[in-house]
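# An overview of the molecular structure
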Amino acid sequence: IDPDNVDAMVGSAILDMASLDETSKDFRRTTERAIRMLSTANVTDHSNSMVQNHLANHYFWKWTPVAGKVSVTQGSATITASQPVPLDAGERIRIGTEIETDVRDVGITS
């Protein structure tokens, strides 16, 4: 890809993300590569609205905070929250920077 062709970089990143399989061992690596490509496109042309839109979508998903305290025990399939949270089974959740998984069940602690 031409390093100055922002449209090509965005298109390639979108295709990479659209073909992701969340169960694949390469999920994280492919996601990071696509986001790096979008970031490079943004550096090349920081006024490109298509780049801005896709980066905003990524960061909105990545950093949507959950109120209260959420925890998970290693090896468990259940997250525990200190108050009701807007999560349903099947949604993706990231806790901190190291844990990313699918939600299977949500419990509330008293």
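The model shown is predicted, which means the values in this text are computed figures rather than measured ones. Within each chain, residues carry numbers counting from 1 in the order of the written sequence. Local features in this predicted model are restricted to residues of pLDDT 70 or higher, and side-chain atom pairs are both shown and tallied only at a pLDDT of 80 or more, whereas totals for entire chains, interfaces and linings draw on every residue. Each side-chain value is derived from all of the structure's non-hydrogen atoms; neither hydrogens nor water enter the calculation.

The helix count covers DSSP runs of H or I at least four residues long, the strand count covers runs of E at least two residues long, and both are numbered beginning at the N terminus. Assigned secondary structure in the protein consists of three helices and five strands. Put simply, the protein runs from its N terminus to its C terminus through helices and strands in the order α-α-α-β-β-β-β-β. When accessible area is computed with a 1.4 Å probe and restricted to protein chains, residues below 20% of their type maximum are described as buried, those above 50% as exposed, and intermediate ones as partly exposed. Expressed as a percentage of its 110 residues, the buried residues of the protein come to 22%. Contact between two residues is taken to exist if any of their heavy atoms lie within 4.5 Å; hydrogens are not considered. Here the analysis covers contacts within the protein between residues at least 6 apart in sequence; of these, 43% occur between residues at least 24 apart.

It is worth spelling out the pattern of salt bridges at this point. By salt bridge we mean one thing: a side-chain nitrogen of Lys or Arg within 4 Å of a carboxyl oxygen of Asp or Glu. In the structure shown here, the tally under the stated rule is three salt bridges. A salt bridge links D26 to R29; the shortest N-O distance between them is 3.6 Å.

Fitted lines through C-alpha atoms give the axes, limited to the stretch in contact for helices. The angle between two N-to-C directions lies from 0 to 180 degrees. Relative orientation of the contacting elements helix α1 (residues 6-18) and helix α2 (residues 27-44) amounts to 160°, with a least axis distance of 9 Å. The angle between α1 and α2 falls in the class roughly antiparallel. The interaxial crossing formed by α1 with α2 has left-handed handedness. Counted together, V6, M9, V10, S12, A13, D16 and M17 of α1 and T30, R33, A34, I35, M37, L38, T40, A41 and T44 of α2 form the full contact between these two elements. Throughout, the term roughly parallel applies to angles under 35 degrees, roughly antiparallel to angles over 145, roughly perpendicular to angles from 65 to 115, and oblique to all others. Whether a crossing is left-handed or right-handed is set by the direction in which the near helix is turned from the far one by less than a right angle, anticlockwise for left-handed and clockwise for right-handed.

Our focus in this paragraph is the environment of G68. Examined against the element boundaries, G68 turns out to sit in the loop between α3 (49-62) and β1 (70-72). Taking the C-alpha atoms as reference points, G68 and P84, separated by 16 residues in sequence, lie 8.4 Å from one another.

For the rest of this paragraph, the subject is the nonpolar core. Residues V6, M9, V10, A13, A34, I35, M37, L38, A41, V51 and L55 constitute the largest nonpolar core, which totals eleven residues. Listing elements by their share of this core, those giving two or more residues are α1, α2 and α3. A per-element tally of this core places α2 first, with five residues. Residues belong to a common nonpolar core when they are buried Ala, Val, Leu, Ile, Met, Phe, Trp, Tyr or Cys residues joined through side-chain atoms within 4.5 Å. By size, the runner-up hydrophobic cluster in this structure holds six residues, among which are I79, V85, L87 and V103.

Turning to the confidence of the model for the protein, a few remarks are in order. For every residue, the pLDDT score states the predictor's confidence, bounded by 0 at the bottom and 100 at the top. Per-residue pLDDT for the protein averages 79, and the proportion of residues at 70 or more is 80%. No element of the protein has a lower mean pLDDT than strand β5 (residues 105-108), which averages 64, and none a higher one than α1, which averages 91.

This paragraph deals with the pairing of strand β2 (residues 78-81). Side chains I79 and A81 of β2 all project onto a buried face; the interleaved residues T78 and T80 project onto a face where none is buried. Pairing geometry for β1 and β2, over three bridges, is antiparallel. Within β2, the residue paired with V70 across the bridge is A81. Each pair of strands is called paired provided DSSP finds at least two bridges between the two strands.

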